[in-house]
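Each chain, written out:
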Amino acid sequence: MTLTVYNTLTKKRESFQPLEPGKVRLYVCGVTVYDLCHVGHARSAIVFDVIYRYLKYRGYQVTYVRNFTDIDDKIIKRANEEGTDYRTIADRYIAAFHEDMDALDVLRPDLEPLATDNIDQMIHIIRRLEEKGIAYQAGSDVYFSVEKFPEYGKLSGRSLEDMMAGARVEVDPNKKNPLDFVLWKGSKPGEPAWDSPWGPGRPGWHIECSAMGNRFLGPTFDVHGGGKDLIFPHHENEIAQSEAAFGVPFVRYWVHNGFVNINNEKMSKSLGNFFTIRDILKSVHPETLRLFVISKHYRSPVDFSDEALAETERALVRLYATLEDADRRAPDTGGDPPHEKALMAQDKDLFEKSRNLPDHFRDAMDNDFNTAQAIGHLFEVQRALQRFLDSFGRKKLKGPAAFLARQAAETIQEHAKVLGLITRTPEAFSRQIRQIKIREKGLSEAQVHDLIAKRDQARKAKDFAEADRIRDQLTAMGVQLEDTPEGTRWRVH
RNA sequence: GGCGGCAUACCCAAGUGGUAAGGGAGCGGUCUGCAAAACCGUUAUUCACCGGUUCGAAUCCGGUUGCCGCCUCCA
């Protein structure tokens, strides 16, 4: 079994062979820090977080680099609007980005370099390109001459002629070819500037990834990722710069995630149809957003809506509920693990599904990170486990039965963790989700407890009319009751 | 205009030529004072449409229709 990965460069699924066996060098384009992140950014971060986790689970030693673009026109514009400097804006949104990612359980990459900490490397690459006659200075700017790189267009699958025909390119009198792109931008007075052989200026957008990739991962590295919208021109230009400068292949596998859509349209700043991560997390548990995003293959579009999120949350609640049930009813009482035969005798279906999960999970994920299929396998075990628990009525499980249930719960949890799911205890999850809902609905916990206590009294007195009246009242508030032998439980929905 | 992607049940969704995973919702039942939750049963002879290749196609090839994306900042 080998891991296969869809490579945008070849438009095929290929078996994954890193440059150096056992090690993976992974670079993902981060965000431009001029505003809060939206759900589209979350998808990219979550997708590559899962890839990062899975590669590690698969035994690779991974070096994961994700940059911050901390200097660009939008940041400068924002700084001007607020009467502050670019650094203040960049630092503020880097902090906000980290808060959002931490909330989503997105692991920190091994390195998170800033563009502005790598200006020397960028200048170095631009000089090499200049020496080779591939870059040229025009006024205070430096451009990359696309005609000097014969393979230009190989990633996005278009030729220079195709692109010329598009003719949507702005005509810039400085450019020899309208498709040439800027490597270095001379600064106007008052703009942030760095010294360079071409005078004070700042880097073009594309050069930073070439510089940081080269510096931290070497001239050729294994995986470069980002959203599909970066294929052209960003990644195309990165290839051109890097390969022209260093004469070796830049990246072995290009991996691009699909968009988050709203009403079948791409979520984006310019369309204005976006939700920020923190906005969504006001009404939805972070794990719900994670599960939602990875319920679909990473290259397909995913349509975002309240209803879709609510569906996902119901599924997640159920998964946690089964694990909680197993925890409570199949406690670890010590002793030697029973023989396989004894376990199989308890429930062949659960035993087999649970035993096969590692292989099934791995097969799914090896198939170009098919998280949707992997999640399907997780739910198969969950269902079998819940059925097994239910077959005992309300009794606690003992001996081999308890062991089997615990084992199934553990294997679910272990594999969910590779997806960054089920990372908390069921109790913590219930508490968090309840808090989110209570806050959202503006309810008071004390008030709910009070009403439940009154209803319990009425029930004890067999005054079911009164008990039902109170329950209806709670239902109207969005509180759902569940009477169990251990008392009444409640959820907000 | 150029390039690319997608179309699977009521909804979301996996499906890597060998006979349609999984989730949500609905309906019937079990449980319950009644509910809720959970469980059991049930919901695609069929994968947008038309041809073709093959013993065999949701999967491969050609065409048609519809939707989307990139070609400008964009995850």
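Residues numbered from 1 in each chain as written. Chains lettered and ligands numbered in written order. Predicted model: local features only at pLDDT ≥ 70, side-chain atom pairs only at ≥ 80, totals over all residues. Heavy atoms only, no water.

So, on to the pairing of strand β3 (residues 23-28). With five of its six residues buried, β3 lies for the most part within the structure. Across six bridges, the pairing between β3 and strand β4 (residues 61-66) is parallel. If you follow Tyr27 over to β4, its bridge partner there is Val65. Handedness of the crossover joining β3 and β4 through helix α1 (residues 39-57) is recorded here as right-handed. (Buried < 20%, exposed > 50% of the residue type's maximum accessible area, 1.4 Å probe, protein only. Helix = DSSP H or I, 4+ residues; strand = E, 2+ residues; numbered from the N terminus. Pairing = 2+ DSSP bridges. Right-handed = clockwise from strand over helix to strand, strands pointing away.)

Feature annotation in UniProt assigns "short sequence motif: 'HIGH' region" (unreviewed entry) to the following positions: residues 31-41. For residues 31-41, helix accounts for 27% and strand for 0%, while the C-alpha atoms at its two ends are 8 Å apart. (UniProt positions renumbered as here; feature names shortened; annotations may be inferred.)

Under the domain assignment used here, chain A contains domain 1 (4-280), domain 2 (305-424) and domain 3 (443-492). Its C-alpha centre places domain 1 at a distance of 55 Å from the equivalent point of domain 3. (Domains from an automatic or database assignment.)

In this section: the packing of aromatic side chains. Note on aromatic pairs: each is described by the distance of the centres and the angle between the planes. In this structure the tally under the stated criterion is 21 aromatic pairs. Summarising the aromatic geometry, the rings of Phe16 and Tyr253 are spaced 4.9 Å apart at their centres and angled 45 degrees between planes, so their arrangement reads as tilted. On the criterion of sequence distance, the pair formed by Phe16 in the loop between β2 (12-15) and β3 and Tyr253 in strand β10 (residues 251-257) is long-range, its members being 237 residues apart. With respect to class, Phe16 is no different from Tyr253; both count as buried. Taken together, a centroid distance of 5.8 Å and an interplanar angle of 80 degrees make the contact between Phe292 and Phe304 edge-to-face. (Phe/Tyr/Trp six-rings, centres within 6.5 Å; stacked < 30°, edge-to-face > 60°.)

Bringing the packing of helix α13 (residues 371-390) against helix α14 (residues 399-418) into the picture now. As a packed pair, α13 and α14 sit with axes 10 Å apart at the nearest point and diverge in direction by 155 degrees. As judged from the angle between their axes, α13 and α14 are roughly antiparallel. Here α13 runs over α14; the crossing is left-handed. Of α14, the residues touching α13 (which contributes Leu378, Val381, Gln382, Leu385, Phe388 and Leu389) are Ala401, Leu404, Ala405, Ala408, Ala409, Ile412, His415 and Ala416. When the residues that make up the contact of α13 with α14 are grouped by side-chain class, the tally is twelve nonpolar, two polar and no charged. (Axes fitted to C-alpha atoms, helices over the stretch in contact; angles between N-to-C directions. Parallel < 35°, antiparallel > 145°, perpendicular 65-115°, else oblique. Left-handed = near helix turned anticlockwise from the far one by under 90°. Contact = heavy atoms within 4.5 Å. Nonpolar A, V, L, I, M, F, W, Y, C, P; charged D, E, K, R; others polar.)

We now examine the pattern of salt bridges. Going through the model one piece at a time under the given rule, you end up with 45 salt bridges. The shortest N-O distance in the salt bridge between Asp102 and Arg108 comes to 2.9 Å. You can call Asp102 partly exposed: its relative accessible area is 38%. Here Glu287 and Arg424 are joined by a salt bridge, their closest N and O atoms 2.8 Å apart. Here Glu287 is found in helix α9 (residues 286-294), whereas its partner Arg424 is found in the loop between α14 and α15 (426-441), with 137 residues between them in sequence. Among the charged side chains, a salt-bridge network with shared partners connects Asp35, Arg78, Glu82, Arg92 and Lys269. (Salt bridge = Lys/Arg side-chain N within 4 Å of Asp/Glu carboxyl O.)

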